[in-house]
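Residues per chain are reported as follows:
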Amino acid sequence: MLSKNKIKYIRSLELKKNRKEEKVFVAEGHKLVGDLLGHFPCRLLVAIPSWLEKHPRVQADEIIEVTLDELTRASLQKTPQEVLAIFEQPTWTYEVEPVSKSLCLALDDIQDPGNLGTIIRLADWFGIEHIFCSQGTVDVYNPKTIQATMGALARVKLHYCHLPSLIASLGNVPVYGTFLDGENMYGKDLTSHGLIVMGNEGNGIGEEVAKLVNERLYIPNYPPQRETSESLNVAVATAVICAEFRRRTVNVG
């Protein structure tokens, strides 16, 4: 049985300060929890009987069998999905070396949890293993972010840092960014390594970071003369850019 105190504890993790203090995060749903098990230590797993029957060898510090009603009371989601787990936050080694050898992302003050989660999922799809986030970027362990990653957090490492200092330390490494006055990305030479900077949903890339971008890109609308939306959603823009970088890599290979 799930005690009231345990339910209160789970729901308290919706707040960043509590997640930070406990150094944990919440994941829900059979696919997401299944993808994360084995990658991060699981402190607590709460599941209905049918899920536990299908996963007899699951490992967690504490496992509690519950009814769907109990799971609903503990869940941070509108529609609970069989299982909820509390995982320990990973401690990733911060290093900039991957930027000189592979393609990495940098996020400048992304605010929407869903956008961040989707970008992590995109990074995983396109084989990008490191994302560098400004201190003003939304918390990766926000429950909405975790759900949107669809388990990609098991393979993509996030590092929160002072982006201008990071970029300044890269030397001659290509630093790409999207701007309305940038060059058409389909006509630019793109490398298989470097840093792609994506900006805030409303304001784009901040001035301090923008000064350090040495490759300014523009995603052209079609046809060029047609009146269209002012900009793309940042997650959509990330997908378009990453797809083009990888297309070039595949063609070169």
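Residues numbered from 1 in each chain as written. Predicted model: local features only at pLDDT ≥ 70, side-chain atom pairs only at ≥ 80, totals over all residues. Heavy atoms only, no water.

Thoughts on the overall build of the chain
No. 1: From N to C terminus, the chain includes 11 helices and 10 strands.
No. 2: Projected onto its principal axes, the C-alpha positions of the chain cover 60 × 40 × 35 Å.
No. 3: The 253 residues of the chain split such that 48% are buried.
No. 4: For the chain, contacts bridging at least 24 residues in sequence account for 77% of all contacts bridging at least 6. (Helix = DSSP H or I, 4+ residues; strand = E, 2+ residues; numbered from the N terminus. Buried < 20%, exposed > 50% of the residue type's maximum accessible area, 1.4 Å probe, protein only. Contact = heavy atoms within 4.5 Å.)

Quick word on the packing of aromatic side chains
No. 1: Counted under the stated rule, the structure contains five aromatic pairs.
No. 2: Plain terms: the ring middles of Phe25 and Tyr141 are 5.4 Å apart, the flat faces sit at 20° to each other, and that makes the pair stacked. Note that Phe25 is positioned in strand S1 (residues 24-28) and Tyr141 in the loop between strand S6 (130-134) and helix H8 (143-149), a separation of 116 residues in sequence. Here the two residues Phe25 and Tyr141 agree in accessibility, since each one is buried.
No. 3: Ring geometry for Tyr176 and Phe245: centres 4.9 Å apart, planes at 80°, overall edge-to-face. In this pair, Tyr176 is assigned in strand S8 (residues 175-184) and Phe245 in helix H11 (residues 234-252), connecting sequence segments 69 residues apart. (Phe/Tyr/Trp six-rings, centres within 6.5 Å; stacked < 30°, edge-to-face > 60°.)

Some words on the side chain of Asp108
No. 1: Here Asp108 lies in the loop between strand S5 (103-107) and helix H7 (113-125).
No. 2: Summary of buried charges: Asp108 has no salt-bridge partner, and the nearest side chain of opposite charge, Arg216, is 11 Å away.
No. 3: Sequence-distant contacts of Asp108, defined by excluding residues within four places in its chain, comprise Ser134, Thr137, Leu163, Met198, Gly199, Asn200, Gly204, Ile205, Gly206 and Val209. (Lys, Arg positive; Asp, Glu negative; His and termini not counted. Salt bridge = Lys/Arg side-chain N within 4 Å of Asp/Glu carboxyl O.)

Re the nonpolar core
No. 1: Ranked by size, the top nonpolar core spans 67 residues in total, and within it Leu45, Trp51, Phe87, Ile120, Ile131, Leu153 and Leu158 carry the most contacts.
No. 2: Per-element accounting of this core gives the leading share, six residues, to H11.
No. 3: Apart from the residues within four sequence positions on either side, Ile120 is in contact with Ile131, Val140, Thr145, Thr149, Ala152, Leu153, Val156 and Leu158.
No. 4: Among the nonpolar cores identified, the runner-up in size contains 18 residues, and Cys104, Leu163, Ile205 and Ala210 belong to it. (Core = buried A, V, L, I, M, F, W, Y, C linked by side-chain atoms within 4.5 Å.)

As for the environment of Ile241
No. 1: The residue Ile241 is located in helix H11 in this model.
No. 2: Ile241 sits 45 residues away from Ile196 along the chain, and the two C-alpha atoms are 8.6 Å apart.
No. 3: Setting aside anything within four residues of it in sequence, one finds Ile241 in contact with Thr178, Met185, Ile196, Met198 and Ile219.

Some points on the pattern of salt bridges
No. 1: For the structure shown, the criterion picks out 13 salt bridges.
No. 2: Linked through salt bridges whose partners overlap, the residues forming this network are Glu183, Lys188 and Glu215.

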